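As a plain string of letters, each chain reads:
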Amino acid sequence: MVFEKVKEIIVDQLGIEESEVALATDFENDLKADSLDVFQIISEIEDELDITIDTDQNLKTVEDLVNYIESLEA
Amino acid sequence: MKTAITELLNIEYPIIQGAMAWVADADLASAVSNAGGLGVIGTGHDSVDIVQQKVEDMQSKTDKSFAVNVMLLNPHVEEVVDYLIASGIKIITTGAGNPGKYMARFKEAGISVIPVVASVALAKRMERIGATAVVIEGMEAGGHIGKLTTLTLLPQVVDAVSIPVIAAGGFGDGRSLAAALMLGAQAIQVGTRFVVSNESNAHQNFKQAILNASDIDTVITGQINGHPVRVLRNKLTTQYLQIEKQETGKENPNFDKMEELAKGALRRAVVEGDTESGSMMAGQIAGLIKKEESVQEIILDYVNSAKAVYKERQAFFDN
């Protein structure tokens, strides 16, 4: 559920295909997203899910981000 | 001049000096503070001992407000932060990352924290975690840059946050200071023009290269690996961009050769004056800068010409 939402935001933000986003996808190496893109994605997620994400977490992959969000909701 | 930033930082003019690596030492920063701006000491990858030396050097040269820039990728960042808090520093600017981790301690110590940001999302995040102000930096700037221009980023950030915004990137004289204030900035940050001040210890060859530069003489390296840097074009950048181009087409690009070229290149330019294989970080406004002057002359020129252009153009709005 969280993954689907995160995927939707990444796809929308970076203008890429859904098939390019999996749990293991690395923002920088696989999606060529720079730090500004990642902050933008995090911002969108915060707005949509009404949560606050601590960016000091090491969020390198989609899975890192999903796990972090799930830990907030637990 | 009086703006939210001059009041907040207790300075006379809304002009902040950029923390240019190898250039922003106590000689330059104290000259800026003594002339009514905000001098900023750069600390790059410095160990805590060097930072302490720089701060003490600064304190011996000025009793005015000044800031220390913390480069968050510095391997010694933890000790540097501990020292700055303990030593009673009042203003910290941050670059290359997110200062969130240290924010609570900075605030507790009563330190004004001013991060450099390159997007609206980052500016909002910095406001949320307690930044006192933000520096927005357009891609016209020298050194490490973002993607937006100052003209587009500045008003968007001004609308998105309620803390004061300082504009950086492209500010070569008073006309641009006036324009920045019109766009909602409370101050500007100046880099390249201070590199060629009398008080700057940058090598004369590097200063001359800036003075000789025309409008089209900067290039951006490192766009491929996500770390774009604006520098004056020379042998180094030509080689670097060639490798970038060659490697990009490959399935497994090898950017090691680029790292090899870039190693120590900034020091070579600024300290040794190597204008061929040194990395001469400078903004696009370099073409406007035609003479070496004292820091005081530079600051007064910004202020006086901003006031003059404001008065001169006022009639445009009145009719």
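Residues numbered from 1 in each chain as written. Chains lettered and ligands numbered in written order. Predicted model: local features only at pLDDT ≥ 70, side-chain atom pairs only at ≥ 80, totals over all residues.

With that settled, the discussion passes to the overall build of chain B. Within chain B, the secondary structure is distributed over 14 helices and eleven strands. Taken against the 2.2 N^0.38 rule, which gives 20 Å for 319 residues, the C-alpha radius of gyration of chain B at 19 Å falls within 12% of a compact globule. Considered along the principal axes of its C-alpha atoms, chain B spans approximately 55 × 50 × 35 Å. Across the 319 residues of chain B, 50% fall into the buried class. Restricting the contact set of chain B to residue pairs at least 6 apart, pairs at least 24 apart contribute 61%. (Helix = DSSP H or I, 4+ residues; strand = E, 2+ residues; numbered from the N terminus. Rg over C-alpha atoms; globule rule 2.2 N^0.38 Å. Buried ≥ 20, exposed ≤ 12 C-beta atoms within 10 Å, placed from the backbone. Contact = placed C-beta atoms within 7 Å.)

Within chain A one finds three helices and zero strands. Start at the N end of chain A and walk to the C end: the helices and strands fall as α-α-α. Over its C-alpha atoms chain A spans a radius of gyration of 11 Å, differing by no more than 12% from the 11 Å that the globule rule assigns to 74 residues. With the C-alpha coordinates aligned to their principal axes, the bounding extent of chain A is approximately 30 × 25 × 20 Å.

Residues and elements named next belong to chain B. Strand order in this open sheet of eight strands is E1-E9-E8-E6-E5-E4-E3-E2, and the pairing throughout is parallel. A strand with exactly one partner marks an edge of an open sheet, and here the two such strands are strand E1 (15-17) and strand E2 (39-42). This sheet shows a mean twist of 25° between the axes of neighbouring strands, independent of strand direction. Sheet topology places strand E8 (residues 165-168) next to strand E9 (residues 187-190); three bridges connect them, and they run parallel. Pairing of Ile166 across the sheet is with Ala187, part of E9. Sitting on the sheet, helix H7 (residues 150-160) touches strand E6 (134-137) and E8, and the angle it makes with E8 is about 175°. (Pairing = 2+ DSSP bridges. Axes fitted to C-alpha atoms, helices over the stretch in contact; angles between N-to-C directions.)

Now for the domain arrangement of chain B. Residues and elements named next belong to chain B. On domain assignment, one finds that chain B holds domain 1 (4-199 + 294-310) and domain 2 (204-285). On a C-alpha basis, the centroid separation for the pair domain 1 and domain 2 is 24 Å. Mapped by element, the contributors of at least two residues to the side of domain 1 that touches domain 2 are strand E7 (143-144) and helix H9 (192-195). (Domains from an automatic or database assignment.)

Before going further, it helps to examine the interface of chain A and chain B. Accessible area lost on assembly of the parts is the figure often given for the size of an interface. Chain A puts eight residues into the contact, and the matching count from chain B is eleven residues. When the residues that make up the side of chain A that touches chain B are grouped by side-chain class, the tally is two nonpolar, three polar and three charged. (Nonpolar A, V, L, I, M, F, W, Y, C, P; charged D, E, K, R; others polar.)

This next bit is on the sheet that holds strand E11 (residues 229-232) of chain B. Residue and element names in this part refer to chain B. The strand order E7-E11-E10 describes an open sheet built from three strands, whose pairing is antiparallel. A strand with exactly one partner marks an edge of an open sheet, and here the two such strands are E7 and strand E10 (218-221). Bridging between E7 and E11 involves two bridges; their strand directions are antiparallel. Paired with His144 across the bridge in E11 is Val229. Against the sheet, helix H11 (residues 235-248) makes contact with E10 and E11, and its axis sits at roughly 40° relative to E10, the strand it touches most.

So, about unusual backbone geometry. Not every positive phi belongs to a glycine, and Asp50(A) is a case in point at roughly 55°. Take Asp50(A): it is sitting in the loop between helix H2 (35-49) and helix H3 (62-73). Unusually for a residue other than glycine, Asn10(B) sits at a positive phi of about 60°. Positionally, Asn10(B) belongs in the loop between helix H1 (4-9) and E1.

Our focus in this paragraph is the confidence of the model for chain B. Note: predicted coordinates in regions of low pLDDT should not be interpreted at a detailed level. Of the residues in chain B, 100% reach a pLDDT of 70 or more, and the chain-wide mean stands at 93. Both confidence scores are given for the complex: pTM 0.91, ipTM 0.74. (pLDDT = per-residue confidence, 0-100.)

This part covers the environment of Glu293(B). Residues and elements named next belong to chain B. Its place among the elements puts Glu293 in the loop between helix H13 (265-270) and helix H14 (295-318). Among the residues examined, Glu293 registers 17 C-beta atoms within 10 Å and is labelled partly exposed. Distance from Glu293 to Glu199, taken between C-alpha atoms, is 8.6 Å for residues 94 residues apart in sequence. Once residues within four sequence positions are removed from consideration, Glu293 is found in contact with Ser197, Asn198 and Ile298.

Attention now moves to the nonpolar core. All names here are of chain B. Counting residues in hydrophobic clusters, the biggest one holds 120 residues, and the most contacted among them are Ile92, Val134, Ile136, Val165, Ile166, Ala167 and Ile188. Looking at this core, you find at least three residues from each of domain 1 (4-199 + 294-310) and domain 2 (204-285). With near-sequence residues (within four places) excluded, Ile136 lies in contact with Val117, Ala123, Leu153, Leu154, Val157, Val165, Ala167 and Ala168. (Core = buried A, V, L, I, M, F, W, Y, C linked by C-beta atoms within 7 Å.)

This part takes up the pairing of E11(B). Residue and element names in this part refer to chain B. The side-chain alternation of E11 yields two buried faces, one formed by Val229 and Val231 and the other by Arg230 and Leu232. In the sheet, E10 pairs with E11 via four bridges, with the strands oriented antiparallel. Note that in E11 the partner of Thr221 across the bridge is Val229.

All names here are of chain B. At a minimum axis separation of 7 Å, helix H8 (residues 174-182) and H14 run at an interaxial angle of 65°. Helix-helix and strand crossings are classified by hand; for H8 and H14 the assignment is right-handed. Contact with H8, carried on its side by Gly174, Arg175, Leu177 and Ala178, involves Asp301, Tyr302, Val303, Asn304, Ser305, Ala306, Val309 and Tyr310 of H14 and no other residues of that element. Among the residues forming the contact of H8 with H14, the class breakdown is seven nonpolar, three polar and two charged. (Left-handed = near helix turned anticlockwise from the far one by under 90°.)

The subject of this paragraph is the environment of Glu20(A). All names here are of chain A. Mapped onto the secondary structure, Glu20 falls in the loop between helix H1 (2-14) and H2. Overall, the presence of 13 C-beta atoms within 10 Å leaves Glu20 in the partly exposed class. For the pair formed by Glu20 and Ile10, sequence separation is ten residues and the distance between their alpha carbons is 9.9 Å.

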